[in-house]
Amino acid sequence: MKGSVGIGLRRDIADEVLSSDIIHPDFIEFAPENWMGMGGYWNRIRQRAVEKYPVSCHGLSLSLGSPEELDWNFIKDLKVFLDENKVTVFSEHLSYTKSNNAHLYDLLPIPFREDAVDHVADRIKKVQDFLGRQIAIENVSYYTPVAAEMTESQFINSIVEKADCKLLLDVNNVYVNAFNHKYDAKVFIDQMPLDKVEYIHMAGHEQIEEDLIIDTHGKAIIDPVFDLFEYTIQKMHPVPVLLERDYNFEDLPAISAELEKLRSLIKNHWEAVHETSK
Amino acid sequence: MKLRSETAEIQELLGKYCRTGEEVALPGITEGRVHHYRRLVYNAVKNTMDQAFPITVASMEEEEWDKLVHEFFSKHPTTSTQIWKLPYEFYQYHLSAGTAGRLKKPYLNDLLYFEWAEIEIHTMPDKSIDPYTDKGDPLSDKLLLNPEYEIIRLEYPVHIQAVKGIELKKGSYFVLLYREPGTGHVKFLDLSILHAFILTRIFETGESVQSFKGEIAQLAQVESEKYLDNHLTDFVNNLIDRQMILGYRKV
């Protein structure tokens, strides 16, 4: 899947992804939680998707940053799902979604602190040991830091190193965070462990206040994010790239054009450079 | 645990704020930003409930519905890792909390359960199907039911009428919900207690209808065997047409 371009399999576009000539991803991504244990119509859609495309999975509920214990029953089910669907890349968020034993169904920011680094790295290692594979953790968008004692880039670097895991580099999230917290996105990219990147996410977002962007996955990718993507891929090896779109699927040709634009950028930088260097 | 208790407490405070919306003092945050987390978290839960319970939502004022969602999410520690299963926890919470009585909506538990049952049947894991044929006798041959079904018992007929005036219709209602094999669509049928008994008996024992026709006659208080045979034949054929009965078991 290296250098390929995929799209998240959402129910709203499942038929088009499986049957139409409008969208041609090289691979698809599932959120396992949306498909695990499900029968009937959606199970058949999942089976068709797995037969047609290579599959990556992007988890929502592992809650790697939670203070409480990992949910081992869930992780056991997850392992079965990943194996059954021949999942090539599994990623999760560097955040927490569970607190006081209650699930929250969104991504809360972990305090950027040394003890949190140790705690999260330890949990990632346990999950990796059980799943029998390295996982990729995603740099999440966040709207406020909470009780930080180090920078975001220090936090991410430390965890990737201590957990010996991979990084899912969400380029849109870097842009969003740089805007929201007033730092230079390219400097941040330079600070990332790019040799550990296994996967890239690209997405649209929404600016809701003068100084605040929310990571919505509901709009087209803006040019500055494409620019940041181009800047990033020149500095690293080829990996799969995913277009995240969670809603607003009315204009499928436009979404298809985004896939094509990503392919074109990849072709310009990765294929040319890596062909030349062979 | 490698996490300092102070860090854990900060994380739990943010989590508590997202669940309840009640202000908390968090260190090291950017002013005016943290409320977006409460908004995003609550919207995810609210949207899930809105989609799961459209009839219930339409049956009450928006503010009243919002209070039910808020109460559920702030008081109940949600256990499901899969948000699409959360409506069942919502139903269970309000059943235990006695919300139907408090709101003087005695049908509320039935309505929530009926709407959840539709989701449950639609998404339930696929079940294996024994070999069957479409050739057979509706009474004397063993029937194979579509295994992806549920019969639920309700006190109020929320499946066949709007909630206005439904308080006066308290009784015993049976609803068959099943998943159509080809499309995966959920269908439901209002059942008499007699038909609920017949289907349950076939499913549990695998017997032919003929083998317990005497009990059916007693329950239905029908003396004419010909009438009963015609009725049962029509019942079986109707359910075959609807794909609730898949056919006749292969011997």
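Residues numbered from 1 in each chain as written. Chains lettered and ligands numbered in written order. Predicted model: local features only at pLDDT ≥ 70, side-chain atom pairs only at ≥ 80, totals over all residues.

Quick notes on the overall build of chain B
For step 1, the next point in the chain: In terms of helices and strands, chain B carries 10 helices and six strands.
For step 2, the next point in the chain: The principal-axis extent of the C-alpha atoms belonging to chain B is close to 80 × 45 × 30 Å.
For step 3, the next point in the chain: A burial count over chain B gives 29% of its 251 residues as buried. (Helix = DSSP H or I, 4+ residues; strand = E, 2+ residues; numbered from the N terminus. Buried ≥ 20, exposed ≤ 12 C-beta atoms within 10 Å, placed from the backbone.)

Details of the pairing of strand S3 (residues 55-58) of chain A
The two faces of the sheet receive side chains in turn, since in a regular strand these alternate between them.
Residues and elements named next belong to chain A.
For step 1, the next point in the chain: Here S3 shows two buried faces, one formed by Val55 and Cys57 and the other by Ser56 and His58.
For step 2, the next point in the chain: Of the pairings in the sheet, the one linking strand S2 (residues 27-30) to S3 comprises three bridges and is parallel in character. By the bridge assignment for S3, phenylalanine 30 is matched with cysteine 57.
For step 3, the next point in the chain: Once you follow S2 into helix H2 (residues 40-52) and on to S3, the crossover reads as right-handed.
For step 4, the next point in the chain: Here four bridges tie S3 to strand S4 (residues 87-93), and the two strands are oriented parallel to one another. Pairing of serine 56 across the sheet is with valine 89, part of S4. (Pairing = 2+ DSSP bridges. Right-handed = clockwise from strand over helix to strand, strands pointing away.)

A word on the domain arrangement of chain B
For step 1, the next point in the chain: According to the domain assignment, chain B contains domain 1 (1-105) and domain 2 (127-251).
For step 2, the next point in the chain: For domain 1 of chain B versus domain 2 of chain B, the separation of C-alpha centres amounts to 39 Å. (Domains from an automatic or database assignment.)

Details of the environment of Ile110(A)
Residues and elements named next belong to chain A.
For step 1, the next point in the chain: Along the polypeptide, isoleucine 110 turns up in the loop between strand S6 (102-108) and helix H4 (114-131).
For step 2, the next point in the chain: Classification of isoleucine 110 by C-beta neighbours within 10 Å gives buried; the count is 31.
For step 3, the next point in the chain: Contact partners of isoleucine 110, with chain neighbours within four places excluded, come to Gly65, Leu94, Ser95, Tyr96, Ala116 and Val120. (Contact = placed C-beta atoms within 7 Å.)

Re the environment of Phe203(B)
Residue and element names in this part refer to chain B.
For step 1, the next point in the chain: Counting through the fold element by element, phenylalanine 203 comes out in helix H8 (residues 193-205).
For step 2, the next point in the chain: C-beta crowding within 10 Å serves as the criterion here: with 15 such atoms nearby, phenylalanine 203 is assigned to the partly exposed category.
For step 3, the next point in the chain: C-alpha of phenylalanine 203 to C-alpha of proline 147: the two residues are 56 residues apart in sequence and 8.2 Å apart in space.

Topic: unusual backbone geometry
All names here are of chain A.
For step 1, the next point in the chain: Phi at serine 63 is positive, roughly 55°, even though this residue is not glycine.
For step 2, the next point in the chain: You can see serine 63 is positioned in the loop between S3 and helix H3 (72-84).
For step 3, the next point in the chain: Positive phi, normally seen in glycine, also occurs at asparagine 101, with a value near 60°.
For step 4, the next point in the chain: Structurally, the position occupied by asparagine 101 is in the loop between strand S5 (96-99) and S6.
For step 5, the next point in the chain: Accessibility expressed as a C-beta count within 10 Å gives 13 for asparagine 101, which makes it partly exposed.

Brief notes about the sheet that holds strand S8 (residues 166-170) of chain A
Residues and elements named next belong to chain A.
For step 1, the next point in the chain: On the basis of which strands lie adjacent, the closed barrel formed by eight strands has the order S1-S2-S3-S4-S7-S8-S9-S12 and parallel pairing. Averaged over all pairs of adjacent strands, the angle between strand axes in this sheet comes to 30°, irrespective of strand direction.
For step 2, the next point in the chain: With four bridges connecting them, S8 and strand S9 (residues 197-203) associate as parallel partners. Bridge pairing in S9 links leucine 169 to isoleucine 200. (Axes fitted to C-alpha atoms, helices over the stretch in contact; angles between N-to-C directions.)

So, the interface of chain A and chain B
For step 1, the next point in the chain: Of the residues lining the interface, 37 residues belong to chain A; the matching set on chain B comes to 40 residues.
For step 2, the next point in the chain: Within the residue set of the side of chain A that touches chain B, elements represented by two or more residues are H2, S5, S6 and H4 of chain A.
For step 3, the next point in the chain: Here the side of chain A that touches chain B gets six residues from one element, more than from any other, and that element is S6(A).
For step 4, the next point in the chain: Taken together, the residues of the side of chain A that touches chain B break down into 18 nonpolar, 11 polar and eight charged. (Nonpolar A, V, L, I, M, F, W, Y, C, P; charged D, E, K, R; others polar.)

Remarks on the sheet that holds strand S4 (residues 173-179) of chain B
All names here are of chain B.
For step 1, the next point in the chain: Spatial ordering of the open sheet is given by S3-S4-S5, a layout of three strands whose pairing is antiparallel. The open sheet has two edge strands with one neighbour each: strand S3 (149-154) and strand S5 (186-191). Across this sheet, the average inter-strand angle for adjacent strands is 20°, counted without regard to direction.
For step 2, the next point in the chain: Examined bridge by bridge, S3 and S4 share six bridges and lie antiparallel to one another. Paired with isoleucine 152 across the bridge in S4 is valine 175.

Structural notes on the pairing of strand S12 (residues 241-244) of chain A
Residues and elements named next belong to chain A.
For step 1, the next point in the chain: Of the two faces of S12, the one carrying Val241 and Leu243 and the one carrying Leu242 and Glu244 are both buried.
For step 2, the next point in the chain: Sheet analysis places S9 next to S12, joined by four bridges and oriented parallel. Across the sheet, residue alanine 203 finds its bridge partner in S12, namely glutamate 244.

Quick word on the packing of helix H1 (residues 5-20) of chain B against helix H2 (residues 35-52) of chain B
All names here are of chain B.
For step 1, the next point in the chain: At a minimum axis distance of 8 Å, the contact between H1 and H2 shows a crossing angle of 55°. Looking at the two axes, H1 sits oblique to H2. As H1 packs across H2, the resulting crossing turns out to be right-handed. Between H1, through Leu14, Tyr17 and Cys18, and H2, the contact on the second element is made entirely by Tyr37, Arg38 and Val41.
For step 2, the next point in the chain: Taken together, the residues of the contact of H1 with H2 sort by class into five nonpolar, no polar and one charged. (Parallel < 35°, antiparallel > 145°, perpendicular 65-115°, else oblique. Left-handed = near helix turned anticlockwise from the far one by under 90°.)

Concerning H3(A)
Residue and element names in this part refer to chain A.
For step 1, the next point in the chain: Over its 13 residues, H3 runs 18 Å from end to end, which matches the ideal 18 Å to within 8%, given 1.5 Å per residue.
For step 2, the next point in the chain: Leu78, Phe81 and Leu82 are the residues of H3 that are buried. The buried side chains of H3 occupy one side of the element, clustering within an arc of 95° when seen end-on. Among the exposed residues of H3, those oriented more than 90 degrees off its buried face are Trp72, Asn73, Lys76, Val80, Asp83 and Glu84.
For step 3, the next point in the chain: In this structure, the buried residues of H3 make contact with S3, S4 and H4.
For step 4, the next point in the chain: Positive phi shows up at lysine 86, right after H3, with a value of about 50°. (Expected span 1.5 Å × (residues − 1). Arc of directions from axis to C-beta.)

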